[in-house]
Amino acid sequence: MKLKLSAGLRAGLLSAVASVTAQTWAVSDLPDDLSLADPLLSDVPHVLSAVRLHQPTAEVPASVTVLDSDFIRATGAKNISDLLRYVPGMQVAPELYDNSESVAYHGGPSIFPKSMQVLIDGRSVYRSGLAAVGWEKLPVAIEEIQRIEVVRGPNSTSYGTNAYQAVVNIITHHPSDSGGDSLTVEGGNNSEGYVYAQKIFTTEKHQWRLNANYRHSDNMQDSTDPRLGCSDGCPDTRESAFITLRGHHDLGANDEMDSAFVIMTAERDVPLYEFSENRVSDLHMETGTRYYRQLNSNHELKVSAYALMYERYQPQSVDSAYAGYFDPDLGALYRLNPEAARQFARGEVPAAADMSDPQQASLIGTLVSRYADPADFIMPIRGELTSGSTEYRADLEVQDTLALRPDLTMIAGFGYRYDRVESENYYNGMIDDHKLRLFGNLNWHINQRWVAHSGLMLEKEDGDDYTLSARAALNYLISPLESLRLVYSQAARTPDFLEENADWTYRFRTYETESPYASDEFYASLQGPGDLEPQRIESYEIGYYGRSGQQGTLAEWDLRLFYEELTEVVYLYPSVWAEQAHCGNRINFSGAEWQLSLSPSSATTMRLSGALINASADPSDPRVSDDDLVELYSPFTQTLAWLQQWPASVHSTASLFLISDAGGVSGDDTRDVQRLDLHLYQPVSLGSLPGQWNIRVQHDFSDDTYTPRGSRYDSDTRYQAGIRLQF
């Protein structure tokens, strides 16, 4: 397995690591059951994502969960969000109101949670238009993934403001390490469909992997929740397809390049609310490249660039709405006093109006006179609307990695990103942003026991002050495979487009009505304040990592104790009814996370992960509740996975997920969720073709939903079966 680091620098840095180990760890200093020739030392696990440096795990200045390709294949999961259930502190839930998946670290709002950077081979998949990650339609297939590294804790010093609480770095296989041509087909009882095809092309200097993936699911299966406006059940299918072409190119003795081309389409049903049709279509096109120049065995320059276009199209139909909702004077009143406008629209006396304000008094007088006969207000209007956006992004980054000495490594660089969103209904036109970033990280082996790390990231966006993120860490090495760590981090997250600059309303493309007062624009609208302060977080961590093995057994563990204080937290429920973003909120998280992997034999592995989290919230506005800020939250989560190889090369993985008191910090309306996932698979041959059959089953033991406002699967038991063939 290869991490995405150029071969020359990888060899140089590994040589440096071996040199440091040999120089600083005398045989007498090692534990009794460990020597410099021990296989445990020769196979020390490494991670890349914490500080952009290929490091032994015991020296990493952060808590990192690694899900490698063997474990991913063993789980049978076909969605990234399902894999994150194995990560301590992660909250994963289906989102009812958007028919999407929500993932938050420690806790957050249930719809479009933020504060986590998600990367695929170094390229951010964070959508700038609606400030979200589309987990259910990420353009990467499970079969492509070499490993997923999840950095738990702020990591803005390496990846910028979106890495406010955590980083999910999805690293795909090198094309030459992809296993050859293959075809995978799966189907199941929840209208599940999954097809994956892979083709490898190689020449002397170039290796290519062409992938195609199609997914279909009926998800929750037609919720009848009256809040969604679907008395006969809301359709909630999801469908996506993408083609990716990833390449690696040997340009010479000291030069390498990776390239990627992606095209993805997706569709999903969303709740009807007041509409008779409401379906979202997505188109994603992307290209990226990374160029490595090895200046010498300990010095490398990397240049990364990518560009993408993302289009969101949401046609909506209204059969019979009230024409009064589209009165421009009611819209003007809403912008002055939202509650008074809502009261009038409901047929109530607008008691919330400030009649001392001449504008409000004049508008209310006009509306009362105009709709003296309520039948004029409820006169029907019908028409077609389109909600959508088109996003563009260009990103360029230069990174310099230099091993100054065998015990001192520096990573430094700068980056530039341009984001532009075009949307009539979300932003009333076009909005864009230029972002500059400077970063530096220093790793120093002080002596055989101590490793120090420091990092800084300075960022500047249009119209905003500079934001600074910093990290300092100290690792005490009990041995090369066991360490204690102390980590302090502070990070900032700049408000996104929707929070700060929304100009959101609904406009008819075509409409019909007999009302003389109606326009093409709905009266309610969301206006961004335009001057929000950056969110900030301070994080304190004490961690313990270890790895041991003896007589065929292997154990690896990580414990994290943490305290996180989030200030200036921005809360915005993404709706035209939201009125505004609420800023100045505070959230505190504290607790413990653990992960343990134990292999008593080569045929058996037990994996335990979990978190005990205490959360408290302090909203700045009485209209925002504690649970609004931290609805996707559970004080206790636990995951137990048992991986077993049986006779005849049959493999099984049983995963038990336990979530206690989920659903907000107030404790007023919480849920307990218990779920079992089972995966069976076995290598087979179909004629001369090697392959594998598999069966997956998920069973819910509880009737509770993941969040109080959530929904549950119609079927307590879901199953899928499939086959994979290699050519």
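Residues numbered from 1 in each chain as written. Predicted model: local features only at pLDDT ≥ 70, side-chain atom pairs only at ≥ 80, totals over all residues. Heavy atoms only, no water.

**Comments concerning the pairing of strand S29 (residues 604–618)**
Pairing analysis gives 14 bridges linking strand S28 (residues 582–601) to S29, with the strands arranged antiparallel. If you follow Gln595 over to S29, its bridge partner there is Ser609. Between S28 and S29, which pair antiparallel one after the other, the connecting turn spans two residues. Taken together, the nine bridges between S29 and strand S30 (residues 636–645) define a ladder with antiparallel strand orientation. What sits directly across from Thr605, in S30, is Leu643. (Pairing = 2+ DSSP bridges. Helix = DSSP H or I, 4+ residues; strand = E, 2+ residues; numbered from the N terminus.)

**Looking at the sheet that holds strand S3 (residues 63–68)**
The strand order across the open sheet built from five strands is S3-S8-S9-S6-S7, with neighbouring strands paired in mixed fashion. The open sheet has two free edges, formed respectively by S3 and strand S7 (123–124), since each of these has just one partner strand. Relative to strand S9 (residues 166–172), strand S6 (residues 116–120) runs parallel, the two being bridged by five bridges. What sits directly across from Gln117, in S9, is Val167.

**Some details on the state of the cysteines**
In this structure the tally under the stated criterion is one disulfide. The side chain of Cys230 participates in a disulfide bridge whose partner is Cys234; the two sulfur atoms lie 1.6 Å from each other. In this structure the cystine formed by Cys230 and Cys234 twists about its S-S bond by roughly 80°; its chirality is therefore right-handed. (Disulfide = S-S within 2.5 Å.)

**Let's talk about the layout of surface pockets**
Gaps left between atoms show up when a probe the size of a water molecule is rolled over them. Approximately 1,000 Å³ is the volume attributed to the second largest pocket. In terms of lining, the second largest pocket is formed by 40 residues, of which the most central are Tyr273, Phe275, Tyr506, Val576 and Trp577. For the lining of the second largest pocket, the secondary-structure elements that each account for two or more residues are strand S15 (277–296), strand S16 (299–322), helix H7 (338–345) and strand S17 (380–405). It is S16 that contributes the most residues to the lining of the second largest pocket, eight residues altogether. Of the residues contributing to the lining of the second largest pocket, the split by class is 27 nonpolar, seven polar and six charged. (1 Å grid on protein atoms, 1.4 Å probe; cavity = no way out; pocket = protein on both sides within 12 Å on 5 of 7 lines; lining within 4 Å. Points joined across faces, edges and corners; volume = space filled by probe spheres on them. Nonpolar A, V, L, I, M, F, W, Y, C, P; charged D, E, K, R; others polar.)

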